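Listed below, chain by chain, are the residues.
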Amino acid sequence: MRSMINGTTCSVSCSHSDTLDRSPSNISRTGRTMDVCRVIYTVVEVLIAISCCLGNLLVILALWTSKSIQKPTFCLIVSLAVADLMVGCIAIPLAVIVDGRVNTSFYGCVFISCVIILLTVVSVLSLAAIAVDRFLRVYVPIRYKRTVTQKHSWLVVAACWLVAIPLSFAPMLGWYEQKTFTESVNSTILCEFMAVIPMSYLVYFNFFLCTLIPLVIMAALYGCIFCTIRRNLREKPGNSVQTQSYNYLKKEKQLAASLSLVLALFALCLLPLHIMNCITYIGGSNVVPVPALYFAILLSHANSAVNPVVYAFKIEKIKTAYLKIWQRCIECREENQASQSSQTTDNNLSDNSASKKRLS
């Protein structure tokens, strides 16, 4: 899902904490600790990035080959998987860059930071679209089947990405750190997330408006879905039509439970970082320990690697698609081995016949 990263908060916090004790031994010890912390952070980021790419590529391939992508809900899941894939391919490498490792222009650094924010906003909007889709499917099932098509779902996916762009790139339009901008006129800067993205944007706009409010709405929607399904399931079916409705609601409950788990994990992984941003905004940059910030950043990224695992164990259609891909891989491997063995046998026979001709 993706992820709002402010890795450079760690560097800012470190610089403030280092001023507390200027003795050479403490400065050297703090520097070594930070170097080790940064190395561990980078290594774990690389592992998470690889997991994000492999896992979400498998999700997209599974849905595409099983034709489940033609169903509205799974179109939205594909959008979420693409955002998670881009976290591994784009956001994590950029997050390492904006941890104070390269020199860029001011607007270049702002652009990189906005791209990182974009994937979080897309994930939130995709999850919101999935929640609304589940809600409509349970509350107006007949009308839903008649009106909601694959085309409508792809339009919603496009809307999620298009709406996320202006929300994420607000800093490019002027909501950036004015102090850094003034100091960087006609020069490059050491690209750090917190040096160009103001905490007011992260707390008030990105967290409260773009993340917290949608999460509360989604939680309310899933609460309504489960209450409605539970109430309807209490009525025992008396005829074939009621039996079909009963089975339909059971399937909807299972899928809604799986998707609500995805939402819960997203909130669990992302909220610690936002909470730390709020604490930093209120209490100052030296309040939150540097290792805690690194851990929160890694946790926000790890969510994108966890989702494919949740899909595999909780969503039956995706699990079946995974197994089909695995079976195809085994069959292809067996066919390759069989072709190689047959080719070896043919070569041996041709060699034997050639040797017989020479002897005769």
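Residues numbered from 1 in each chain as written. Predicted model: local features only at pLDDT ≥ 70, side-chain atom pairs only at ≥ 80, totals over all residues. Heavy atoms only, no water.

Chemist: Please explain the overall build of the protein as it appears in this structure.
Modeler: The secondary structure content of the protein amounts to twelve helices and two strands. Element order for the protein, N to C, with α for helix and β for strand: α-α-α-β-α-α-α-α-β-α-α-α-α-α. By residue count, 45% of the 360 residues in the protein fall in the buried class. In the protein, of all internal contacts separated by at least 6 residues, the share reaching a separation of at least 24 is 85%. Here the protein displays about 18,600 Å² of accessible surface, and carbon together with sulfur accounts for 65% of that area. (Helix = DSSP H or I, 4+ residues; strand = E, 2+ residues; numbered from the N terminus. Buried < 20%, exposed > 50% of the residue type's maximum accessible area, 1.4 Å probe, protein only. Contact = heavy atoms within 4.5 Å. Areas by Shrake-Rupley, 256 points an atom, 1.4 Å probe, with all protein chains shown as cover.)

Chemist: How should the environment of Leu265 be read in this particular structure?
Modeler: Turning to its location among the elements, Leu265 is positioned in helix α10 (residues 240-283). Assessed through its relative accessible area of 22%, Leu265 is described here as partly exposed. Measuring from C-alpha to C-alpha, the distance between Leu265 and Val310 comes to 9.6 Å, with 45 residues separating the pair along the chain. Apart from the residues within four sequence positions on either side, Leu265 is in contact with Asn303, Val306 and Val310.

Chemist: Explain the packing of aromatic side chains to me, please; I cannot follow it from the model alone.
Modeler: Given two aromatic rings, their pairing is described by the distance between the two centres and the angle made by the two planes. Within this structure, the stated rule accounts for 15 aromatic pairs. Pairing Phe106 with Tyr107 gives two aromatic rings, centres 5.5 Å apart and planes at 80 degrees, and the pair type is edge-to-face. Classification of Phe106 by relative accessible area gives buried; the value is 4%. Grouping aromatic residues by their ring pairs yields a cluster made of Phe106, Tyr107, Tyr176 and Phe181. (Phe/Tyr/Trp six-rings, centres within 6.5 Å; stacked < 30°, edge-to-face > 60°.)

Chemist: In this structure, what is going on with helix α6 (residues 150-168)? I would like to understand it.
Modeler: At 3.6 residues per turn, the α-helix brings residues three or four places apart onto the same side. If you check α6, its first and last C-alpha atoms are 27 Å apart, about what 19 residues at 1.5 Å a residue would give, namely 27 Å. Turning to α6, its buried residues are Ser153, Val157, Cys160, Trp161, Ala164 and Ser168. Looking straight down α6, one finds its buried side chains confined to an arc of 85 degrees; they lie on one side. Exposed positions of α6 whose direction lies more than 90 degrees from the buried face are Lys151, Leu155, Leu162 and Pro166. Looking at the buried positions of α6, the neighbouring elements they touch are α3 (72-97), α4 (106-139) and α9 (199-233). (Expected span 1.5 Å × (residues − 1). Arc of directions from axis to C-beta.)

Chemist: Explanation requested: a nonpolar patch on the surface in the structure shown.
Modeler: Nonpolar side chains collect at one region of the surface, where Val132, Leu136, Tyr139 and Val140 lie side by side and expose about 310 Å² of accessible area between them. On the secondary structure map, Tyr139 appears in helix α4. Residue classification places Tyr139 among the partly exposed positions, given a relative accessible area of 39%. (Patch = residues over 30% accessible without salt bridge, like charges linked within 9 Å, V, L, I, M, F, W, Y side chains within 5 Å. Salt bridge = Lys/Arg side-chain N within 4 Å of Asp/Glu carboxyl O.)

Chemist: Can you help me understand the pattern of salt bridges in this one?
Modeler: When the charged atoms of two side chains lie near each other, side chains of opposite charge can form a pair. In total, this model carries five salt bridges according to the counting rule given. For the salt bridge of Asp99 with Arg38, the shortest nitrogen-to-oxygen distance reads 3.5 Å. Placement of the pair is Asp99 in strand β1 (residues 99-104) and Arg38 in helix α2 (residues 24-65), with a sequence separation of 61 residues. Taking relative accessible area as the criterion, Asp99 reaches 0% and is therefore assigned buried. The exposure class assigned to Arg38 is partly exposed, which follows from its relative accessible area of 26%.

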